[in-house]
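Close look at the chain arrangement
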Amino acid sequence: MKVAEVRELGVEELERRVAETRRELFNLRFQHATGQLENTGQLREVKRNIARLLTVLNKKQRENA
């Protein structure tokens, strides 16, 4: 997910994507703990996506306040 793509989204869509991505991270962590995760780099990428989404979300919320 690119930053330019994230900036185009609305606040509601960003909140929905954060929730989805957190669920994805939970599932990846569970797979990692049980030894089923083959590509551990996914964990890092998903964490970065969450941070990216939250950064843009916080900026938009501050602009609207």
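Remember, predicted model here, so these are calculated numbers, not experimental data. Numbering of residues begins from 1 in every chain and follows the order in which that chain's sequence is written. The predicted nature of this model means local features are confined to residues of pLDDT at least 70 and side-chain atom pairs, given and counted, to a pLDDT of 80 or more, with totals for whole chains, interfaces and linings taken over all residues. With hydrogens and water set aside, each side-chain value is computed from the structure's full complement of heavy atoms.

We now examine the side chain of Asn-49. Here a strand is any run of E in DSSP of at least two residues, a helix any run of H or I of at least four, and the numbering for each starts at the N terminus. Along the polypeptide, Asn-49 turns up in helix α3 (residues 41–64). Contacts are residue-level and defined by heavy atoms, with any inter-residue pair within 4.5 Å sufficient. Once residues within four sequence positions are removed from consideration, Asn-49 is found in contact with Met-1 and Thr-21.

Definition of nonpolar core: a set of buried residues of the types Ala, Val, Leu, Ile, Met, Phe, Trp, Tyr and Cys, connected through side-chain atoms within 4.5 Å. Categorising residues by exposure relies on relative accessible area from a 1.4 Å probe, with only protein chains included: less than 20% of the type maximum marks a residue as buried, more than 50% marks it as exposed, and the intermediate range marks it as partly exposed. One finds Val-6, Leu-9, Val-11, Leu-14, Val-18, Leu-53, Val-56 and Leu-57 forming the largest nonpolar core, which totals eight residues. When contributions to this core are tallied by element, the ones reaching two or more residues are α2 (11–34) and α3. In this view, Leu-9 contacts Leu-14, Arg-17 and Lys-60; residues no more than four positions away in its chain are not counted.

Moving on, we come to the UniProt feature "coiled-coil region" (unreviewed entry) in the protein chain. UniProt positions are given in the numbering used here, feature names are shortened, and annotations may be inferred rather than shown by experiment. The residues that UniProt annotates with the feature "coiled-coil region" (unreviewed entry) are residues 4–63. The annotated region residues 4–63 carries 85% helix and 0% strand content, and the separation between its end C-alpha atoms amounts to 17 Å.

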